[in-house]
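Working through the structure, step by step
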Amino acid sequence: MSLLRRLKPVHLRLALRIAETGKLQSAASDVAMSQPAASRMLSEIEAHIGAPLFERHPKGMEPTAIGHTVLRHARQILRGFDSLE
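Residues numbered from 1 in each chain as written. Predicted model: local features only at pLDDT ≥ 70, side-chain atom pairs only at ≥ 80, totals over all residues. Heavy atoms only, no water.

1. Some thoughts on the pattern of salt bridges
In total, this model carries three salt bridges according to the counting rule given. The salt bridge partner of Arg-56 is Glu-46, with a shortest N-O separation of 3.1 Å. Here Arg-56, found in strand E1 (residues 54–57), pairs with Glu-46, found in helix H4 (residues 35–49); they are ten residues apart in sequence, far enough to count as distant. Among the residues examined, Glu-46 registers a relative accessible area of 12% and is labelled buried. Beyond isolated ion pairs, a larger network of salt bridges with shared partners links Arg-17, Glu-20 and Asp-30. (Salt bridge = Lys/Arg side-chain N within 4 Å of Asp/Glu carboxyl O. Helix = DSSP H or I, 4+ residues; strand = E, 2+ residues; numbered from the N terminus. Buried < 20%, exposed > 50% of the residue type's maximum accessible area, 1.4 Å probe, protein only.)

This is the structure:
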């Protein structure tokens, strides 16, 4: 199954919020889910991509090189969805 069929808008929104806040817990709250659910979802995303999207540090999370690429495309995809509304 293609990556496009596996990733959903909520996956993309979560990844973007993690990048914006640097914190999984804050991002989870912002997209109205629990931190454990967000953690599982991030693991799913990374499994679909085949690489980590974020480096985990004691003070937060920071996108990897692959993460930056995925986030750039996620922004474009979500803008497209927003323009459909």
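2. Some thoughts on a nonpolar patch on the surface
A surface patch of nonpolar side chains, amounting to about 300 Å² of accessible area, comprises Ile-77, Phe-81 and Leu-84. Topologically, Ile-77 is positioned in helix H5 (residues 65–84). Residue classification places Ile-77 among the partly exposed positions, given a relative accessible area of 36%. (Patch = residues over 30% accessible without salt bridge, like charges linked within 9 Å, V, L, I, M, F, W, Y side chains within 5 Å. Areas by Shrake-Rupley, 256 points an atom, 1.4 Å probe, with all protein chains shown as cover.)

3. Some thoughts on the nonpolar core
One finds Leu-14, Ile-18, Met-33, Ala-38, Phe-54 and Met-61 to be the most contacted residues of the largest nonpolar core, which totals 22 residues. Secondary structure elements with two or more residues in this core: helix H2 (9–21), helix H3 (24–30), H4 and H5. At five residues, H2 tops the list of elements feeding residues into this core. Excluding its chain neighbours within four sequence positions, the residues that come into contact with Met-61 are Ile-18, Gly-22, Leu-24, Leu-42, Phe-54, Glu-55 and Arg-56. (Core = buried A, V, L, I, M, F, W, Y, C linked by side-chain atoms within 4.5 Å. Contact = heavy atoms within 4.5 Å.)

4. Quick notes on the environment of His-11
Examined against the element boundaries, His-11 turns out to sit in helix H2. Residue His-11 is classed as buried on the basis of its relative accessible area, which comes to 5%. Between the C-alpha atoms of His-11 and Met-41, which are 30 residues apart in sequence, the distance is 6.9 Å. With near-sequence residues (within four places) excluded, His-11 lies in contact with Arg-6, Met-41, Glu-44 and Ile-45.

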